[in-house]
Amino acid sequence: MSRYAENDIVVTVNNFIAKNSPELLYKQAFVNYRGKTKDTGEYYTEVIARELINKDFVGQLRKIAPINRKNYNAGHSPNTKCMNIQSNRIEENIAIALYSASNIFGITFGRLGQIIDYQVPLKATSKNAGVGKIDLISKTKDEIWLIELKYYKSKDKQSSRDTLLKAALEIATYYQQLNKQNFINSYKVFNGYREDQIRKAVLIFDEDNINEEYLQLKSCNMPLLKHLLKQLDVSIFVISVTGI
């Protein structure tokens, strides 16, 4: 990828915000830029996060109207088959494996709790073309989690190329598009839960424990991304072969 100057990124972000709907931001190529600006040496993610904070993008995102889908329960059943690691749908296979682990063996995943469903659709009609699906949903005694799952492994062609910024914007957008009361009503296990108990998360499935972007965030080297994540109210979790 060509290296960009700081102002190139600033202009790109501001042009998008001025001309487009906020629900389209997570689909833009520039939110997946990795590396640093060629003039100031800032992470692209940090420059983008700064502009989104300054332009109150989160406020714009909160104005997105929910899609009026009636039922979100796709009727999935746990799968006891081994995960096909050669499949080009590795993240979906991981989601199914985590769902099955919860629903067959009773395994829970730390603060995220029990996985309740996967690949939860958001669109209601064909007019909602391009609207995605929530990778995983889970529950604890007090919270419901909407989860964007990302698989990372060095030198693996199936590993996600998405930045944490992109993943966080995606699940924050899905949260706004969700008809929350209809969603709660779609699952018996959510009886008694309230809309304000629904949370957002990015779950990193990291086989190497060396996801650079997460390590930089954890080391406080991406303070603007950290601030934007707080504004978006998106939590980051990591799961590996050693646990969550």
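Source: prediction; values computed, not measured. (Residues numbered from 1 in each chain as written. Predicted model: local features only at pLDDT ≥ 70, side-chain atom pairs only at ≥ 80, totals over all residues. Heavy atoms only, no water.)

Asker: Help me get a handle on the overall build of the protein, residues and values and all.
Answerer: The helix and strand inventory of the protein stands at eight helices and five strands. Helices and strands in the protein line up, N terminus first, as α-α-α-α-β-β-β-α-α-β-α-α-β. Across the 244 residues that make up the protein, the buried fraction comes to 51%. Sequence separation of at least 24 residues holds for 71% of the intrachain contacts in the protein that already meet a minimum separation of 6. (Helix = DSSP H or I, 4+ residues; strand = E, 2+ residues; numbered from the N terminus. Buried < 20%, exposed > 50% of the residue type's maximum accessible area, 1.4 Å probe, protein only. Contact = heavy atoms within 4.5 Å.)

Asker: Provide a residue-level description of the sheet that holds strand E5 (residues 234-239), including the pertinent values.
Answerer: Pairing is mixed in the open sheet, where five strands are placed in the order E1-E2-E3-E4-E5. Strands at the two margins of the open sheet, each flanked by one partner only, are strand E1 (114-121) and E5. Each strand of the sheet is rotated relative to its neighbour by a mean of 30 degrees, with strand direction disregarded. As paired strands, strand E4 (residues 198-206) and E5 are joined by six bridges and run parallel to one another. Its bridge partner being in E5, Val202 is matched across the sheet by Ile236. Against the sheet, helix H4 (residues 90-105) makes contact with E1, strand E2 (133-139), strand E3 (144-152), E4 and E5, and its axis sits at roughly 145 degrees relative to E1, the strand it touches most. (Pairing = 2+ DSSP bridges. Axes fitted to C-alpha atoms, helices over the stretch in contact; angles between N-to-C directions.)

Asker: Go over the nonpolar core, please, and point to the residues and values.
Answerer: Nonpolar side chains tend to gather and get buried jointly when the protein is soluble and globular. Core analysis: the largest hydrophobic core is formed by 58 residues, its most contacted members being Leu52 and Phe183. Here this core gets nine residues from one element, more than from any other, and that element is helix H5 (residues 164-177). Setting aside its immediate chain neighbours within four residues, Leu52 contacts Val13, Ile17, Leu25, Phe57, Leu165, Leu169 and Leu228. Formed by 21 residues, the second largest nonpolar core is a distinct cluster that contains Ile90, Ile94, Ile147 and Ile239. (Core = buried A, V, L, I, M, F, W, Y, C linked by side-chain atoms within 4.5 Å.)

Asker: Give a detailed account of the confidence of the model for the protein, specifying residues and quantitative values.
Answerer: Interpretation of the predicted coordinates at a detailed level should be avoided for regions scoring low in pLDDT. Chain-level pLDDT for the protein is 90 on average; 89% of the residues reach the 70-or-more range. Within the protein, helix H7 (residues 212-218) has the poorest average pLDDT of any element, 83, and helix H6 (residues 180-185) the best, 98. (pLDDT = per-residue confidence, 0-100.)

Asker: Go over the environment of Ile67 with me, naming the residues and quoting the values.
Answerer: Of note, Ile67 is situated in the loop between helix H3 (57-61) and H4. In this structure, the C-alpha to C-alpha distance between Ile67 and Asn179, residues 112 residues apart in sequence, is 6.0 Å. Aside from chain neighbours lying at most four places away, what touches Ile67 is Tyr72, Leu122, Lys123, Ala124, Asn128, Val131, Gln177 and Asn179.

Asker: Which residues make up the pattern of salt bridges, and what are the values?
Answerer: Opposite charge on two side chains lets them pair, provided their charged atoms get close. Scanning all chains against the criterion turns up twelve salt bridges. With a closest N to O distance of 3.5 Å, Arg50 and Glu51 form a salt bridge. For the salt bridge of Asp196 with Arg194, the shortest nitrogen-to-oxygen distance reads 2.9 Å. Judged by its relative accessible area of 49%, Asp196 is partly exposed. Assessed through its relative accessible area of 48%, Arg194 is described here as partly exposed. (Salt bridge = Lys/Arg side-chain N within 4 Å of Asp/Glu carboxyl O.)

Asker: An account of the packing of aromatic side chains is requested, with residue identities and associated values reported.
Answerer: If you walk through the whole model with that rule in mind, you get 13 aromatic pairs. Arranged with centres 4.9 Å apart and planes meeting at 5 degrees, the rings of Tyr4 and Tyr33 form a pair that is stacked. Placement of the pair is Tyr4 in the segment before helix H1 (6-19) and Tyr33 in the loop between H1 and helix H2 (44-54), with a sequence separation of 29 residues. Residue class for Tyr33 comes out buried when judged on its relative accessible area of 18%. Pairwise contacts between aromatic rings join Tyr72, Phe183, Tyr187, Phe190 and Tyr193 into one cluster. Above the face of the Tyr175 ring, Lys180 is positioned so that its terminal group lies 4.1 Å from the ring centre. (Phe/Tyr/Trp six-rings, centres within 6.5 Å; stacked < 30°, edge-to-face > 60°. Lys NZ or Arg CZ within 6 Å of the ring centre and 35° of its normal.)

Asker: Before we move on, could you go through the pairing of E1 and cite the residues and values that matter?
Answerer: Within E1, seven of the eight residues are buried, which leaves it mostly tucked inside the rest of the structure. The pairing of E1 with E2 spans six bridges and is classified as antiparallel. Bridge pairing in E2 places Pro121 opposite Lys133.

Asker: If you had to explain the packing of H5 against helix H8 (residues 223-232) to someone new, which residues and values would you point to?
Answerer: Contact pair H5 / H8: the axes reach a minimum separation of 11 Å and the direction vectors enclose 10 degrees. Here H8 runs roughly parallel to H5, going by the angle between their axes. The residues of H8 that touch H5, namely those facing Leu164, Leu165, Ala168, Leu169 and Ala172, are Leu225, Leu228, Leu229 and Leu232. By residue class, the composition of the contact of H5 with H8 is nine nonpolar, no polar and no charged. (Parallel < 35°, antiparallel > 145°, perpendicular 65-115°, else oblique. Nonpolar A, V, L, I, M, F, W, Y, C, P; charged D, E, K, R; others polar.)

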